[in-house]
Amino acid sequence: MKKILNFIGGEFVEPQNGTYLDNYDPSRGKVYSKIPRSGAPDVEAAVAAAQQAFPAWSALSAQERSRHLMAISKLIDQKLPDLAKAESLDNGKPLKLAQSVDIPRARDNFAFFATAILHEEDPFHNMGSKGFNYTLRQPLGTVACISPWNLPLYLFTWKIAPALAAGNCVVAKPSEVTPMTAFLLSLICHEAGLPKGVLNLVHGLGPEAGEALIQNNTIKAISFTGGTKTGAHIASVAAPKFKKLSLELGGKNPNIVFADADFDRAVKTSVRASFANQGQICLCGSRIFVQAAIYDKFKSAFLERVKGLTVGPPQEEDSRMGALVSKEHLEKVMGYIDLAQAEGGTLLTGGKQVQMQGEYAQGYYLEPTVFENLSYNCRTNQEEIFGPVVTLTPFETEEEVLKMANSTEYGLAATVFTQNLSRAHRVAQELQSGIVWINDWLVRDLRTPFGGAKNSGVGREGGFEALHFFTEAKNVCFNF
Ligand code: NDP
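Here the structure is a predicted model, which is why all the values come from computation and not from measurement. (Residues numbered from 1 in each chain as written. Predicted model: local features only at pLDDT ≥ 70, side-chain atom pairs only at ≥ 80, totals over all residues. Heavy atoms only, no water.)

Undergrad: Would you mind going over the nonpolar core with me for this structure?
TA: If you look at soluble globular proteins, the nonpolar side chains tend to sit buried side by side. Counting 83 residues, the largest nonpolar core has Ile160 and Leu185 as its most contacted members. If you tally residues by element for this core, the top one is helix α4 (residues 95-119), at ten residues. Residues within four places of isoleucine 160 in sequence aside, it is in contact with Phe110, Cys145, Val170, Ala172, Leu185 and Leu199. Of all hydrophobic cores here, the second largest spans 26 residues; its members include Ala261, Val271, Val290 and Phe417. (Core = buried A, V, L, I, M, F, W, Y, C linked by side-chain atoms within 4.5 Å. Buried < 20%, exposed > 50% of the residue type's maximum accessible area, 1.4 Å probe, protein only. Helix = DSSP H or I, 4+ residues; strand = E, 2+ residues; numbered from the N terminus. Contact = heavy atoms within 4.5 Å.)

Undergrad: Explain the pairing of strand β11 (residues 221-225) here, please?
TA: Here is the key point about a regular strand: its side chains alternate between the two faces of the sheet. Counting buried residues along β11, five of its five residues qualify, which places the element largely inside the surrounding structure. By the alternation rule, side chains of β11 split into Ala221, Ser223 and Thr225 and Ile222 and Phe224, which are all buried. Bridging between strand β8 (residues 142-146) and β11 involves four bridges; their strand directions are parallel. In the sheet register, cysteine 145 faces β11, and the bridge partner there is serine 223. Two elements, β11 and strand β12 (residues 244-248), share five bridges in a ladder whose sense is parallel. Its bridge partner being in β12, alanine 221 is matched across the sheet by lysine 244. (Pairing = 2+ DSSP bridges.)

Undergrad: How do you make sense of the domain arrangement of the protein chain when you look at a structure like this?
TA: Often, the extent of an interface is quoted as the loss of accessible area on bringing the components together. Entries for the protein chain in the domain assignment read domain 1 (2-249 + 456-478) and domain 2 (254-445). A C-alpha centroid distance of 30 Å is found between domain 1 and domain 2. Taken residue by residue, the interface counts 26 residues in domain 1 and 29 residues in domain 2. Buried surface at the junction of domain 1 and domain 2, both sides included, amounts to about 2,300 Å², of which 53% is carbon and sulfur. On inspection of domain 1 and its partner domain 2, the count reaches ten residue pairs in polar contact (both at pLDDT 80 or more). Looking at the side of domain 1 that touches domain 2, the elements that each hand over two or more residues are α3 (80-91) and α4. (Domains from an automatic or database assignment. Buried area = accessible area lost by both parts, 1.4 Å probe. Polar contact = N/O pair within 3.5 Å; in protein donor to acceptor, adjacent residues only side chain to side chain.)

Undergrad: For this particular structure, what's the right way to read the sheet that holds strand β16 (residues 369-372)?
TA: What links the strands of a sheet is backbone hydrogen bonding, and the strands pair in either a parallel or an antiparallel sense. Read from one edge of the open sheet, seven strands run β15-β16-β17-β14-β13-β19-β20, paired in mixed fashion. On the outer flanks of this sheet lie β15 (346-349) and β20 (435-438), each paired with one strand and no other. Taking each pair of neighbouring strands and ignoring which way they run, the sheet shows an average axis angle of 25°. With three bridges connecting them, β15 and β16 associate as antiparallel partners. Bridge assignment links threonine 349 to a residue of β16, and that residue is valine 370. Across the face of the sheet, helix α11 (residues 327-342) comes into contact with β15, β16 and β17 (389-395) while running at roughly 25° to β16. (Axes fitted to C-alpha atoms, helices over the stretch in contact; angles between N-to-C directions.)

Right under this line is the structure:
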């Protein structure tokens, strides 16, 4: 059976305690590889390797660091088919999605930050006859990057690339649920000749390896993407140690359809925003609000499309939805389907596990599920489900829908469908959300700041904001 290894100081090493965890293929419900169950000694070794590599790495010019990152980006591109297969197997998502979104985006993340550092300028302030000031941005040292299982390589590289580009060394921990593409990335970094210790990967459980990493006093910053509860815990550990912190957390995103929307586009995009990656994207629109004048028409067109989504083995060409990531997660999502019914919701479609045949019979498949007749403030409409379960709710006025949309503790993303330009801008301003899409979903320029409002997180990733997060700004005030 394939064995994943830690990547520490440029070497592929076993965990010091010699213990391994099972890694499941969710499409078959079977163990297909072993991953290190690392502990504090592995994290300490990784931090020591990073500290040793830091003086030389941070002393490189931007051009030299850029060349290293571009080499990694090119190798990701060359190995795109294999990486996509690995991600689909590890995560259960349709192969097509991994090929067209996840892996290209991981490649682009490295290319983006490799080139961003070539164009960054630090501010200079002229004080006239008194002198001048300038801002010197310096890397922090060793930083931690911790990512979740839903977009494993995409989110992992979105943190690692800017941290390395800014001149830091990194100790990273991928989710133990989907470790394979992170392991393949370590092989790529090795092949690309990234200097030893610049990037270190420690596999293992959040409360063990992850906890040792966030507790480590040498770590200067933590960039974390994951659940709000874990984020709150990390903040409570990091704040008294004065570590820099970027938290990208959960969401319960509204998808708002006004009666004047381009109807076909609103239906098609809402289906994608609801069920892409089996609804396991933090940005998925799980609360669909539709203006009353078109509610019935929208409902029937939406349901027709949803019923046409093929749930199937991720590797098969016509599968539009694959398997959920794990048995535990499937059970959690099924629990929310029970809750929605207990709260009086009307099940319009779905709600049941999908039984596959043959080798896929033990996989974790669930029908795309739609409810209506639930109040906007019930638990189903307030808590993050993170699966293929959405609700439909009618509304009359802009004021009413804004109240419902803004009612959750989260504020990650929102989508608005309208042809009325003034309304689009007005509603975008009023939504309590880090990102608002108008007439689209998931399309975003990598230069824009990305992050959540309210309990969806603090800090912004993306563009120069990410590079700045991974640096300390020093002001040099020079007087004549
Ligand atoms: P978790 O919060 O459970 O885990 C995220 C990562 O943190 C994993 O690598 C996990 O390890 C690790 N971890 C867990 N406990 C600790 C700890 N005490 N110290 C350090 N690290 C720890 O999230 P999920 O993996 O379940 O991911 C789903 C969540 O991520 C959803 O809430 C989703 O909304 C959110 N998300 C947010 C995004 C955003 O951009 N805002 C994007 C994508 C997802 P392990 O897996 O081993 O437990």
